Amino acid sequence: MSLVASALSYGYREREIGRDIALDLTGGQVLALLGPNGHGKTTLLKTLLGLLPAKGGTLTLDGQPLAGLSVGERARALAYVPQVHAGTFAFAVSEVVLMGRTARSSLFAAPSAHDRDMVEAMLQRLGIEHLATRPYTEISGGERQLVMIARALAQEPRYVILDEPTASLDFGNQGKVMSQIRRLAGEGLGVLFTTHDPNQALRYADRALLLRDGQALASGKASDLLTPERLAALYGVAIETVRGDGKLAFLPG
Amino acid sequence: MPHPDRRAVLAGLGAAIAAPRLARAATIRDGAGREIQVPGKVERIFPAGPPAAILVYTLAPDLLIGWPRANRPEEREFLLPGIGDRPEVGRITGRGNSANLEAVLQAKPDLIIDSGSTGRTYVELAERVQQQTGIPYALLDGRFDQTPASYRILGQLTGRSERAETLARWCEDSFATIRGRITAIPAEKRPSVYYARGPRGLETGLGGSINVETLSFLGSRNAAADTPGSGLAQVSLEQVLAWNPDVIVTIDLAFAESVRSDPNWAGVKAVREGRVHLSPKLPFGWVDFPPSVNRAIGLWWLAKLLYPAQFPEDIRKLARDFHTLFYQVTPSEAQLDRVLAGRG
Amino acid sequence: MTSSLRGNLIALVLLALAVLAAFALGRFPVAPGDLGRLFWSLLTGEPSSLPAQIETVVWNIRGPRILAAILCGAALAIAGCAFQGLFRNPLVSPDILGASSGAALGAVIGIYLSLGLFGIQLAAFVGGLVAVGAVYAVGSTIRRGDPVLVLVLTGVVVGSLLGAGIGLVKYWADPYNQLPAMTFWLLGSLAGTAKPDLIPLLGPVLIGAVILLALRWRMNVMSLPEEEARALGLATGPLRIAIVAAATLVTAASVAAAGIIGWVGLVVPHLARFLVGPDFGRLLPTAALLGGGYLLAIDTLARTAAPVETPLGILTAVIGTPFFIWLLASARGGWS
């Protein structure tokens, strides 16, 4: 049971962004897609989600070609947590999470009691039940990120794919969101997130894939893979290593 | 070099001084009070719009260069052959300016005639076109009761004063006769009239509008007269029921055909009493448009509808005479039937 | 009481008041007692023994017009909600894809060709559908960028072309007869509405409204960015076509019946969101009720303020503009 890409090339209709990607996301595991901004991380995510057709190679979800699945089938397996945005309309938080039930009900159906229970459960799971009636446009960025995760969980997916989950968050919220992500894997979900911060990959991911210019520089177990040398190659700057208390952190420059 | 002859110099000077005087003598005031130089010869007239075209046609058909909009075949048969079918030349005034000034020049007119509003907009338009083209541009007052005056101005401009006087007199005599017979009618005996336009009959002319000038002339009570304004407006059927007019005059065939059997209109007095009248419109409308001398025969027609007791005249004869005098084509009986049926 | 229930209750009360006022007011005097007797006879089937003319005024003139105003107002309001959601932009109105301009071009061509009443209405309806169909077809051949943005831009471009077409037909039109008719049509009015006009209005509006109401829970997701909506499991392409088609159907039908009436489709969705929030499940029913009541109130004003009718398009603009400014000023952060 896994989301597997091999020799995957991806990009837009007239432009290839990356190629030769091999990755394997299994349940209970966190995979970090690490790389500098503008090197094709988001495009790869959209390809893995089936939102962009693959340009070459194979991409399978639990053994079946992803391209052969319907949008509904994909959404019941793969959940997407986009980068946080404010949204146009002031939906209440619970309404936003309810949208996660789209693929679990028929086209014309009104939300069922089960759907609403599920929403409540997901809000509780992420500790944001007090926000339920607040307009999504008026809560903080960290809270929005948690709402997006709750929405993804409401899909009852097997895999959750997050795009820069901490990009616009303050220090404290980054910690909150990342520990929630770690928890998801603990509950058996396959989790993939993109980040440009090697420390997050090091701390929260089991495995990592280093992406530069649309190609995988390296991939493997995060703690083995993340060395100052590889990071220097990835980002094009010298990397300083800080050690202490049995833990490791990287500093740029 | 011989000295110039003293007398010749004086004569020259005299001529120089006299010339503008002579020129001034050859100007007249148009309907807007503008001074217009009378052209030496007028062989071609460009009509600025439909009312002017009709006025020029009735006075001097041979001078008319063309029509603002080509006449349809059923209209042409009431007009002089070779003139009713003259080409479409567009409009200079009106809401769409469809005549190109270069095309106007190419038509080589000696005179441009416009008939309609003499408001500032049109005076300035006339001035500008006159300046740009160098062709005298006379603006005639298009109000219905000014028709005789317009004929006389046009007669002087074209050197056809005699026929102009005949036509002007016909109008004046009609006006006088009709006025004379209706002045004695007390206000409460005058019918209220609803003027219906549009396929539902729910467009009407407000009190001051050019569309209902002849109705106002006849002293009838215009149902919509109380509403200020000088254009067309929409009204609700409910309002018509509230007005409950004695007579309905319409120009719309579809409305005239449907109103008699429409249960919603059945309560209106005019419908109940069979006093819904469809205006003749060949070759030009008798009531509303174009607002030109074509409405003079409509005046008689309306007078008979509104005050049948006071106007025993035969409308067929009146129409035949009007056509013969103004359009210079005497219609056959069959043609008259078609005119009076209001179709076309 | 939930906000949804309260919102619908307010909308329903406003609509009921508007209906009551619309039946009671008019240029033809009908005494309140007579009106009561007419309603009583409608309920019991007993003859009212009132003059036929009063029955005509109430049932044949006011009745169809009231129904038409409610239908048009409701149609424009839900179409406005649908398009605002679809284009993720609260400043969008139902004519964004050219439905109104297309219908207007159809109508002025119909008037120019001297078609009958039904012909003009049909020409307007078809014009609206064809215009939006063309916008959609052209928009889908452009495969660059956000499909929604491409669609809006195509709509703007095609709309201005249609505007030029309208101008051209008006320019050709006979200035004495056709031009005033076109002007009246373009300003919007329900003045002539009679029973036979209701069928070509009722049919499309009901079909479109049923589709939109059935899809209303999915419209929330459609108001998200394209890829997010797809990631949530929505086949956005077919759904967008369905929503555009249904919203266009109701818009074209109401424009064909009443002419161009701006503002309703823009202002009423805001008012409805103000009452019940942005969730389409609750928004659409409330907007339909509010829109119906709003246009009915405006139309009642249009036919009672003066002996001659005031064009609806002018009244909705005169009332809509200050209202919209007030709404903007008093809106909480973001679009409520």
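Bear in mind the structure is a predicted one, so any value in this text is a computation, not a measurement. Going along each chain's sequence as written, the residues are numbered from 1 onward. Throughout, the order in which chains and ligands are written sets their labels, letters from A for the former and numbers from 1 for the latter. Where local features are concerned, this predicted model is filtered to residues with pLDDT of at least 70; where side-chain atom pairs are given and counted, the filter is 80 or more; whole-chain, interface and lining totals use all residues.

Asker: Got a minute to help me understand the overall build of chain B in this structure?
Answerer: Within chain B, the secondary structure is distributed over 14 helices and eleven strands. On the principal axes, the C-alpha backbone points of chain B span a range of 100 × 40 × 35 Å. Across the 344 residues in chain B, those meeting the buried criterion constitute 45%. The contacts of chain B with a sequence gap of at least 6 include a subset with a gap of at least 24, amounting to 61%. Helix and strand definitions here come from DSSP, where helices need a minimum of 4 consecutive H or I residues and strands a minimum of 2 consecutive E residues; each element is numbered from the N-terminal end. For the exposure call, what matters is how many other C-beta atoms sit within 10 Å of a residue's own: 20 or more marks it buried, 12 or fewer exposed, and in between partly exposed, using C-beta atoms placed from the backbone. Any residue pair is listed as a contact if its two C-beta atoms, each placed from the backbone, are within 7 Å.

Asker: What exactly am I supposed to notice about the arrangement of the chains here?
Answerer: Ranked by contact count, the leading pair among the two pairs of chains in contact consists of chains B and C. Separated in space, chain A and chain B share no contact, their closest pair of C-alpha atoms being 41 Å apart.

Asker: Sorry, what's going on with the pairing of strand 1 (residues 2–12) of chain A here?
Answerer: Walk down a regular strand and you will see the side chains alternate between the two sheet faces. All names here are of chain A. Should DSSP find at least two bridges between two strands, the strands are taken to pair. Here eight bridges tie strand 1 to strand 2 (residues 15–26), and the two strands are oriented antiparallel to one another. The residue of strand 2 that forms the bridge with Leu3 is Leu25. In this antiparallel pair of consecutive strands, strand 1 and strand 2, the connection spans two residues. Relative to strand 4 (residues 56–61), strand 1 runs antiparallel, the two sharing five bridges. If you follow Ala5 over to strand 4, its bridge partner there is Leu59.

Asker: What should I look at first to understand the pairing of strand 12 (residues 247–252) of chain A in this one?
Answerer: Counting buried positions along strand 12 of chain A gives zero out of six residues, so the element sits mostly on the surface. Between the antiparallel neighbours strand 11 (residues 239–244) of chain A and strand 12 of chain A lie two residues, among them A:Asp245 with a positive phi of about 60 degrees.

Asker: Hey, could you run me through the sheet that holds strand 4 of chain A in this one?
Answerer: Neighbouring strands of a sheet are bound in pairs by backbone hydrogen bonds; such pairs are parallel or else antiparallel. Residue and element names in this part refer to chain A. The four strands lie next to each other as 2-1-4-5, forming an open sheet whose pairing is antiparallel. Single-partner strands in this sheet number two, and they are strand 2 and strand 5 (64–65). An axis is simply a line fitted to the C-alpha atoms; with a helix, the fit covers only the stretch in contact. Between two such axes, the angle follows the N-to-C directions and lies from 0 to 180 degrees. Where helix 1 (residues 41–48) meets the sheet, it contacts strand 1 and strand 2, and its direction lies at approximately 125 degrees from that of strand 1.

Asker: Before we go on, may I ask you to explain helix 5 (residues 141–154) of chain A in this structure?
Answerer: Note: α-helices contain 3.6 residues per turn, so residues at a spacing of three or four share the same orientation. All names here are of chain A. In a regular helix each residue adds 1.5 Å, so 14 residues correspond to 20 Å; helix 5 covers 20 Å between its end C-alpha atoms and thus fits that length. Buried residues dominate helix 5, accounting for 13 of its 14 residues. Just downstream of helix 5, Glu156 is the residue with a positive phi angle, here 55 degrees. One less than the number of residues in a helix, times 1.5 Å, gives the span that helix is expected to have.

Asker: Even after reading the chapter, I still don't get the packing of helix 4 (residues 99–112) of chain C against helix 11 (residues 236–258) of chain C, so can you show me in this structure?
Answerer: Each packed pair of helices is defined by two parameters, the angle between the axes and the distance between the axes. Residues and elements named next belong to chain C. Between helix 4 and helix 11, whose axes approach to 9 Å, the crossing angle comes to 40 degrees. Put simply, helix 4 runs oblique to helix 11. Considering only the axes of helix 4 and helix 11, their crossing is right-handed. Contact residues: helix 4 offers Ala99, Ser100 and Ala103, while helix 11 offers Thr248, Thr251, Ala252, Val255 and Ala256. Tallied by class, residues from the contact of helix 4 with helix 11 come to five nonpolar, three polar and no charged. Each angle receives one of four descriptions, namely roughly parallel if under 35 degrees, roughly antiparallel if over 145, roughly perpendicular if within 65 to 115, and oblique otherwise. Left-handed is the label given to a crossing in which the near helix is rotated counterclockwise from the far helix by less than a right angle, and right-handed is the label when the rotation is clockwise. In the scheme used here, Gly and all other residues not listed as nonpolar or charged are polar, with Ala, Val, Leu, Ile, Met, Phe, Trp, Tyr, Cys and Pro taken as nonpolar and Asp, Glu, Lys and Arg as charged.

Asker: Hey, could you run me through the interface of chain C and chain A in this one?
Answerer: Where interface size is quoted, it is often the accessible area lost as the parts come together. If you look at the interface, chain C gives 27 residues, while chain A gives 28 residues. Going through the elements one at a time, helix 9 (216–222) and helix 10 (226–231) of chain C are the ones with two or more residues in the side of chain C that touches chain A.

Asker: Explain the sheet that holds strand 10 (residues 215–221) of chain A to me, please; I cannot follow it from the model alone.
Answerer: Residues and elements named next belong to chain A. In spatial order, the strands read 6-7-8-3-9-10; together these six strands make up an open sheet with mixed pairing. In this open sheet, the two strands that pair with only one neighbour each are strand 6 (78–81) and strand 10. Between one strand and the next, the sheet's axes are offset by a mean angle of 15 degrees, whatever the strand orientation. Strands strand 3 (30–34), strand 7 (159–162), strand 8 (190–195) and strand 9 (207–212) of the sheet are contacted by helix 1, whose axis makes an angle of about 155 degrees with strand 8. Against the sheet, helix 9 (residues 228–235) makes contact with strand 9 and strand 10, and its axis sits at roughly 155 degrees relative to strand 10, the strand it touches most.

Asker: What should I look at first to understand unusual backbone geometry in this one?
Answerer: Among all residues save glycine, negative phi is the norm, and among peptide bonds the norm is trans. With an omega of -15 degrees, the peptide bond between B:Leu282 and B:Pro283 qualifies as cis. Summarising the element assignment, B:Pro283 is placed in the loop between strand 11 (276–278) and helix 12 (295–306). With omega at -10 degrees, the peptide bond leading from B:Phe289 into B:Pro290 counts as cis. By the element assignment, B:Pro290 lies in the loop between strand 11 and helix 12. Positive phi is not limited to glycine here, since A:Ala7 has a value of about 45 degrees. Take A:Ala7: there are 13 C-beta atoms within 10 Å of it, and that puts it in the partly exposed class.

Asker: Would you take a moment to explain helix 9 of chain A for this structure?
Answerer: Residues and elements named next belong to chain A. Among the residues of helix 9, Leu231, Leu234 and Tyr235 are the ones counted as buried. Viewed end-on, helix 9 has its buried residues packed into an arc of 80 degrees, placing them on one side of the element. Those residues of helix 9 that are buried are in contact with helix 7 (198–204), strand 9, strand 10, strand 11 and strand 12. Residue Gly236 follows helix 9 closely and has a positive phi angle near 75 degrees. Here, the arc refers to the directions that run from the helix axis to the C-beta atoms.

Asker: Help me understand the interface of chain C and chain B, please; the structure alone is not making it clear to me.
Answerer: If you look at the interface, chain C gives 29 residues, while chain B gives 28 residues. With seven residues, helix 3 (residues 52–86) of chain C is the largest single contributor of residues to the side of chain C that touches chain B. Of the residues that constitute the side of chain C that touches chain B, the class distribution is 17 nonpolar, eight polar and four charged.

Asker: How do you make sense of the environment of B:Ala48 when you look at a structure like this?
Answerer: Residues and elements named next belong to chain B. Considering the arrangement of structural elements, one finds Ala48 in the loop between strand 3 (45–47) and helix 2 (50–59). For Ala48, a count of 31 C-beta atoms within 10 Å gives the class buried. Each C-alpha atom of the pair Ala48 and Ala184 lies 40 Å from the other, and the pair is 136 residues apart in sequence.

Asker: Hey, could you run me through the environment of A:Ala22 in this one?
Answerer: Residues and elements named next belong to chain A. As for its position among the elements, Ala22 is in strand 2. C-beta crowding within 10 Å serves as the criterion here: with 14 such atoms nearby, Ala22 is assigned to the partly exposed category. Sequence separation between Ala22 and Ala5 is 17 residues; the distance between their C-alpha atoms is 5.1 Å. Setting aside anything within four residues of it in sequence, one finds Ala22 in contact with Ala5, Ser6, Ala7 and Ala216.

Asker: Can you walk me through the nonpolar core in this structure?
Answerer: In summary, soluble globular proteins display a tendency toward joint burial of nonpolar side chains. For our purposes the nonpolar core covers buried Ala, Val, Leu, Ile, Met, Phe, Trp, Tyr and Cys residues that link as a set through C-beta atoms within 7 Å. Judged by nonpolar contacts, the single largest core of 282 residues is most densely connected at A:Ala150, A:Ile161, B:Val56, C:Ala75 and C:Ile78. Sequence-distant contacts of B:Val56, defined by excluding residues within four places in its chain, comprise B:Ile45, B:Pro47, B:Leu63, B:Leu64 and B:Ile113.

Asker: Got a minute to help me understand the confidence of the model for chain B in this structure?
Answerer: One rule of thumb: low pLDDT means the predicted coordinates there are not for detailed reading. The predicted model of chain B has a mean per-residue pLDDT of 87, with 90% of residues at 70 or higher. Residue-level confidence of the predictor is what pLDDT reports, using numbers from 0 through 100. Under a pLDDT of 50 for its full length, residues 9–25 of chain B has, in the predicted model, two contacts with residues more than four places off or in other chains.

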